[in-house]
Amino acid sequence: MSRFLNHLTNPEIVRTIGPTRLLDLLSPHQTYLAGRGLKLPAPSKAATLDHDKLIAILETPSMDTPQEMLNALGMINDMATEQGMDALLSSARSADVRLDLSDEDSPADVAVQVWLAAPALLEARHAWHTFKMPRRMECYAPAGDDTPLLKLTSERIESCRRNVADWMNQNNRSDNAKVLLREDADQVVTTIRRGDPYKRFETIDKRGIRRVHLRPAAKDVAILDRAENVLLVNSQLKNAREVYRRCMGSMLFGSPDHFVEFPRFTFDPFVELQRDVLSPADIDEIESIQLTEVRFDFDRDQHPYKVFGADDLVADMEQHHYELPWDERIQSMNLRFKFRNVRMRRAIKLYAGNAACYTRDGYAELIERWLRLRGIMLGRTPVSQVQKDDMSLAIA
């Protein structure tokens, strides 16, 4: 548990939380804490709380530790930073949540206050504060001409959430789903929190081996790239991607069939130029590109495939005098990019059709520029400026 509570398990950080507020946070769980040897003081003596004992309890959770307390502490921990505090204060002002702030409040103190005043607000901000862009994305594009993004309302968002929840429930993944949206000038990001199938785990503690029954939570992501009007979807559930394609089309553009699969990536340049494609071209920031794996699928009854892999396939081909069968049977490809004056190498995986897997950050912009220059990544006609001006969300 200490991995999740790296702020709150530091005694100095715990002591920055106002004693009275910390006591308010812990009081619903006083029976459990007393059973672990920590008796909470009266509100008038909140400053006498044994922080060291509390920290020892948090570092050694048991099967009886209240999940509500661990969830609250985990989110408060993650938001107990200056950036987290700024995000919470901004959201609290927008939602008209009143906080009793003073010049001596720490980021952890602010997080506790928000949790006590509006736990749903802290949960929502935590979802974005800890958000990481998925690596693998499936690409979809409008079936017809680009149309302006609709003004969003709470009803439209709730309809999307309900459709997702209904599908999840029908597929044994609970009807409890959440849909959160965030927009900026470049994209509209939708995160979907949903359940996985029920699981049973064996656990062990001082009383022996027991079984825990629970439903794990999962997170999927759908992102509208506003520049090209391309929808990117990440989910481990193949059939859920179809649900998100339709839900995003309805929520953002008023039609479940607005988006269709978009052939984003092609290996035709490798079929034509073979290994010569791998030069950095005119992108000075890229020092070198290595081919590390290629998979070929064969159209036969047993669906055979062959994978060639090496630290550097081109170097291996040169050393051992062979060539890959560069043709339309290429189904996926792994590349590794070396950037000038950067020690770290960046790996990407491309799939024939509409999917790719790589970290989407500043280096991804260089990689995508190279993919476009080489004709591997296919583009769309950019959305017109008039449509861009109309693409603003109004969430009621």
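Preceding block: the structure.
Here the structure is a predicted model, which means the values were calculated and not measured.

Undergrad: Give me the lowdown on the overall build of the protein chain, citing residues and values where you can.
TA: Along the protein chain, the regular secondary structure elements total 14 helices and 13 strands. Based on the C-alpha atoms only, the size of the protein chain along its principal axes is roughly 80 × 55 × 45 Å. Scored against the burial criterion, the 396 residues of the protein chain give a buried share of 44%. Residue pairs in contact within the protein chain that sit at least 24 positions apart in sequence constitute 65% of those at least 6 positions apart. When the accessible surface of the protein chain is split by element, carbon and sulfur atoms take 47% of a total near 21300 Å².

Undergrad: Give a description of the nonpolar core that names residues and reports values.
TA: Counting residues in hydrophobic clusters, the biggest one holds 45 residues, and the most contacted among them are L335 and W370. Those elements that place two or more of their residues in this core are β1 (136–142), β6 (217–225), β7 (230–234), β9 (286–297), α12 (313–320), β11 (330–339), β12 (345–351) and α13 (362–373). Apart from the residues lying within four places of it in its own chain, the contact partners of L335 are L278, I289, Q290, L291, T292, R346, A347, I348, L350 and W370.

Undergrad: Account for the state of the cysteines, naming residues and giving values.
TA: With the rule as written, the count across this model stands at zero disulfides. This cysteine, C247, is not joined by any disulfide, and C160 carries the nearest cysteine sulfur, 4.4 Å off. Left without a disulfide partner, C357 is nearest to the cysteine sulfur of C139, which lies 12 Å away.

Undergrad: Lay out the packing of aromatic side chains with the relevant residues and their values.
TA: The geometry of an aromatic ring pair is captured by the separation of the ring centres together with the interplanar angle, meaning the angle of the planes. One pass over the full model with this rule turns up eight aromatic pairs. Between the aromatic rings of F267 and F270, the centroid separation amounts to 6.4 Å while the plane-to-plane angle is 65 degrees, which identifies the pairing as edge-to-face. Just as F267 is buried, F270 falls in that class too. Grouped by ring-pair contacts, the aromatic residues F337, F339, Y363 and W370 constitute a single cluster. Taking the ring centre of Y305 as reference, the NZ or CZ of R295 above it sits at 3.9 Å. Between the NZ or CZ atom of R360 and the centre of the ring of Y358, over which it lies, the distance is 4.1 Å.

Undergrad: How would you summarise the pairing of β1 if you had to cite specific residues and measurements?
TA: For β1, the tally of buried residues reaches six of seven residues, placing the bulk of the element in the interior. Two elements, β1 and strand β13 (residues 355–357), share three bridges in a ladder whose sense is antiparallel. If you follow M137 over to β13, its bridge partner there is A356. Two strands pair when backbone bridges link them, and β1 and β7 are joined in this way by three bridges, in the antiparallel orientation. Across the sheet, the residue bridging to E138 is V233, located in β7. Bridge count for β1 against strand β8 (residues 259–261) is three bridges, and the pairing is antiparallel. For A141, the partnering residue across the bridge sits in β8 and is V260.

Undergrad: I'd like a description of the packing of helix α9 (residues 154–170) against helix α10 (residues 238–253), backed by residues and values.
TA: Packing of α9 against α10 brings their axes to within 10 Å, and their N-to-C directions diverge by 160 degrees. On the basis of the axis angle, α9 is roughly antiparallel to α10. The interaxial crossing formed by α9 with α10 has right-handed handedness. Contact residues: α9 offers R156, I157, C160, N163, V164, W167 and M168, while α10 offers N239, A240, V243, Y244, C247, M248, S250 and M251.

Undergrad: How would you explain the pattern of salt bridges if you had to name every residue and give the values?
TA: For the structure on display, the rule yields 23 salt bridges. For R136, the salt bridge is made with E138, and the minimal N-O distance between the two is 2.9 Å. Judged by relative accessible area, which is 28%, R136 ranks as partly exposed. The partner of D361 in a salt bridge is R346, with the nearest N and O atoms 2.9 Å apart. One end of the pair, D361, is in the loop between β13 and α13; the other, R346, is in strand β12, and 15 residues separate them in sequence. Shared partners join several salt bridges into a network, and the residues in it are R21, D100, D105 and D109.

Undergrad: I'd like a description of unusual backbone geometry, backed by residues and values.
TA: At Q274, a residue that is not glycine, the phi angle is positive and equals roughly 55 degrees. Structurally, Q274 is set in the loop between α11 (268–273) and β9. Judged by relative accessible area, which is 31%, Q274 ranks as partly exposed. Unusually for a residue other than glycine, A281 sits at a positive phi of about 60 degrees. On the basis of relative accessible area, A281 is assigned to the partly exposed category, the value being 36%.

Undergrad: Go over the environment of Q187, please, and point to the residues and values.
TA: Considering the arrangement of structural elements, one finds Q187 in strand β3 (residues 187–195). Along the backbone, Q187 and T16 are 171 residues apart, and their C-alpha atoms lie at a distance of 37 Å. With sequence-adjacent residues up to four places away left out, Q187 is seen in contact with M133, R182, I223, L224 and R226.

Reading guide: rules and limits
- Residue indices follow the written sequence of each chain, beginning from 1 at its first position.
- pLDDT decides what is reported in this predicted model: residues at 70 or higher carry local features, side-chain atom pairs at 80 or more are listed and counted, and totals for whole chains, interfaces and linings draw on all residues regardless.
- As a rule here, side-chain values come from all non-hydrogen atoms in the structure, and water together with hydrogens is ignored.
- The secondary structure listing takes helices from DSSP runs of H or I that are at least 4 residues long and strands from runs of E that are at least 2 residues long, numbered from the N terminus.
- Burial status follows relative accessibility: with a 1.4 Å probe on protein chains alone, a residue under 20% of its type maximum counts as buried, one over 50% as exposed, and anything between as partly exposed.
- When checking whether two residues touch, look at their non-hydrogen atoms; a contact exists if any pair is within 4.5 Å.
- Using a 1.4 Å probe, accessible areas were evaluated by the Shrake-Rupley method; residue-level cover was limited to the displayed protein chains.
- Side-chain atoms within 4.5 Å link the members of a nonpolar core, which is a set of buried Ala, Val, Leu, Ile, Met, Phe, Trp, Tyr and Cys residues.
- Note that a disulfide, as used here, is simply two cysteine sulfur atoms within 2.5 Å.
- Only rings of Phe, Tyr and Trp enter the pairing, Trp through its six-membered ring, and a pair is recorded when the two centres are within 6.5 Å. The plane angle decides the type: under 30 degrees is stacked, over 60 is edge-to-face, the rest tilted.
- Lysine and arginine charges are scored as sitting over a ring when NZ or CZ, respectively, is within 6 Å of the ring centre and within 35 degrees of the ring normal.
- For two strands to pair, DSSP has to find at least two bridges joining them.
- Between the N-to-C directions of two axes lies an angle of 0 to 180 degrees, each axis being a line fitted to C-alpha atoms and, for a helix, fitted only over the stretch in contact.
- Roughly parallel covers angles under 35 degrees, roughly antiparallel covers those over 145, roughly perpendicular covers 65 to 115, and oblique covers all other angles.
- Here a crossing is taken to be left-handed if its near helix is turned anticlockwise relative to the far helix by less than a right angle, and right-handed if that turn runs clockwise.
- Salt bridges are counted wherever a side-chain nitrogen of Lys or Arg sits within 4 Å of a carboxyl oxygen of Asp or Glu.

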